[in-house]
Amino acid sequence: MDIYNILLNNKNFLEYIYAFIISCISLMILFKTDRYFRLSLHNGLRYFRNSFLFYGLAFFWKFILADLTNLNTTSIFFSQFIFEYLLIMGGLFLLYSLIWKKFDLHKITYSSLINSKIIFLHLIAIILSLFDSFFESYKFLFISQILIFSFSIILFFKNYKKNEKKSSLPKIYILALSLGLIAWILNFFTATFFKWNTLLLIDIGILNIIFFILILFSIFRITKIKKYKNGN
Amino acid sequence: MAIKKRERLEIIKDILLSVKEKRNIKPTRLLYSSNLSPQMFKEYVNELLSKGFILMNTEKYKGKEKKFISLTEKGNSFLNEYKVIENFIENFGL
């Protein structure tokens, strides 16, 4: 029996493990960046952390409700809505962490989760999640995430080109974003043309886990860098 | 040649470094070393005071009451961790 057959026979267990791993990685990202955010109160770092807060919550929600077979129609509608809303918000915050300077020129004195600009992100996420839940599809989620990741890669690459200091870590971030994009494109095709083929879904799950691990790895690398002692 | 505009975080680092080097520095001296307009300087100092990175002390200097700015433990931690914070911002395009 090959590994795929073992995985196919334990689909529900696999869903739990998958959601649990991503929730844990997101939590670790939040913990590892907490000290640096508290010291700097940097808005970009704040939105970057918000992104993983929402991703973490989305997969924690999925972890709790991995098995939807025992739920009634209303509960399925509600749980899908919540999961999609949290995922879309995660993606939107990731994109916003790259472009916040164009909108938030002044120091934030209000919440970064709900404010006059972020409310639009919530509205987009709610509308897209409602559409998908209503039509019982995931297309709005997939297309929005494909667009978000595409824009994020373009914006990040443009900023990277402008930056005089070149290190290997931005390349890892681009790689992570590209894997995220590939995973969302595959998700879209799997749902649309391959009737949620389980083998493809396993591969997508692996890609997603690699995406989160690469981000966590970059954060570990950054925090390992020798600390600034003399100001030079 | 155009001079690159300093980022907010870089300005904070420069102000804190000036305070650290002098240990106790007069606000006017700090203003000169910061290369900021008085208005901007006031905003940054207020922000650093509210964050608890610096302290404003009053001391007797040549018979007169003078204000001095000193670095707090939190301000020192910020300087120690600045490189890491800067790397976060650069490497994730934040």
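Figured I'd write up the structure that's included with this text.

Procedures and definitions
Residues numbered from 1 in each chain as written. Chains lettered and ligands numbered in written order. Predicted model: local features only at pLDDT ≥ 70, side-chain atom pairs only at ≥ 80, totals over all residues. Pairing = 2+ DSSP bridges. Helix = DSSP H or I, 4+ residues; strand = E, 2+ residues; numbered from the N terminus. Core = buried A, V, L, I, M, F, W, Y, C linked by C-beta atoms within 7 Å. Buried ≥ 20, exposed ≤ 12 C-beta atoms within 10 Å, placed from the backbone. Contact = placed C-beta atoms within 7 Å. Axes fitted to C-alpha atoms, helices over the stretch in contact; angles between N-to-C directions. Parallel < 35°, antiparallel > 145°, perpendicular 65-115°, else oblique. Left-handed = near helix turned anticlockwise from the far one by under 90°. Nonpolar A, V, L, I, M, F, W, Y, C, P; charged D, E, K, R; others polar.

Residue and element names in this part refer to chain B. Note: strand 1 (residues 24-25) against strand 3 (residues 64-71), two bridges, orientation antiparallel. Counted as the bridge partner of Asn24 is Ser70 from strand 3. Sheet topology places strand 2 (residues 54-61) next to strand 3; eight bridges connect them, and they run antiparallel. Note on strand 3: the bridge partner recorded for Tyr61 is Lys64. What sits between the antiparallel neighbours strand 2 and strand 3 is a turn of two residues, in which Lys62 has the positive phi angle 50°.

This next bit is on the nonpolar core. A general trend in soluble globular proteins is that nonpolar side chains are found buried together. Residues Ile88, Met89 and Leu92 of chain A together with Leu16 and Val19 of chain B are the most contacted members of the largest nonpolar core, which totals 71 residues. A per-element tally of this core places helix 4 (residues 73-99) of chain A first, with twelve residues. In this structure, Met89 of chain A is in contact with Phe54, Leu121 and Ala125 of chain A, ignoring residues within four places of it in sequence.

A word on the packing of helix 2 (residues 11-40) of chain A against helix 3 (residues 43-64) of chain A. All names here are of chain A. Closest axis-to-axis distance for the helix 2/helix 3 pair is 8 Å, and the angle between their directions is 155°. In terms of orientation, helix 2 and helix 3 fall into the roughly antiparallel class. Seen from above, helix 2 lies across helix 3 with left-handed handedness.

Residue and element names in this part refer to chain A. Between helix 6 (residues 139-162) and helix 7 (residues 169-193), the least distance of the axes is 9 Å, while the angle of their chain directions is 160°. Judged by the inter-axis angle, helix 6 sits roughly antiparallel to helix 7. In this structure, helix 6 meets helix 7 at a crossing whose hand is left-handed. Together, Phe142, Gln145, Ile146, Phe149, Ser150, Ser152, Ile153, Phe156, Phe157 and Tyr160 of helix 6 and Pro170, Tyr173, Ile174, Leu177, Ser178, Gly180, Leu181, Trp184, Ile185, Asn187, Phe188 and Ala191 of helix 7 make up the contact between the two elements. Here the residues of the contact of helix 6 with helix 7 sort into 16 nonpolar, six polar and no charged.

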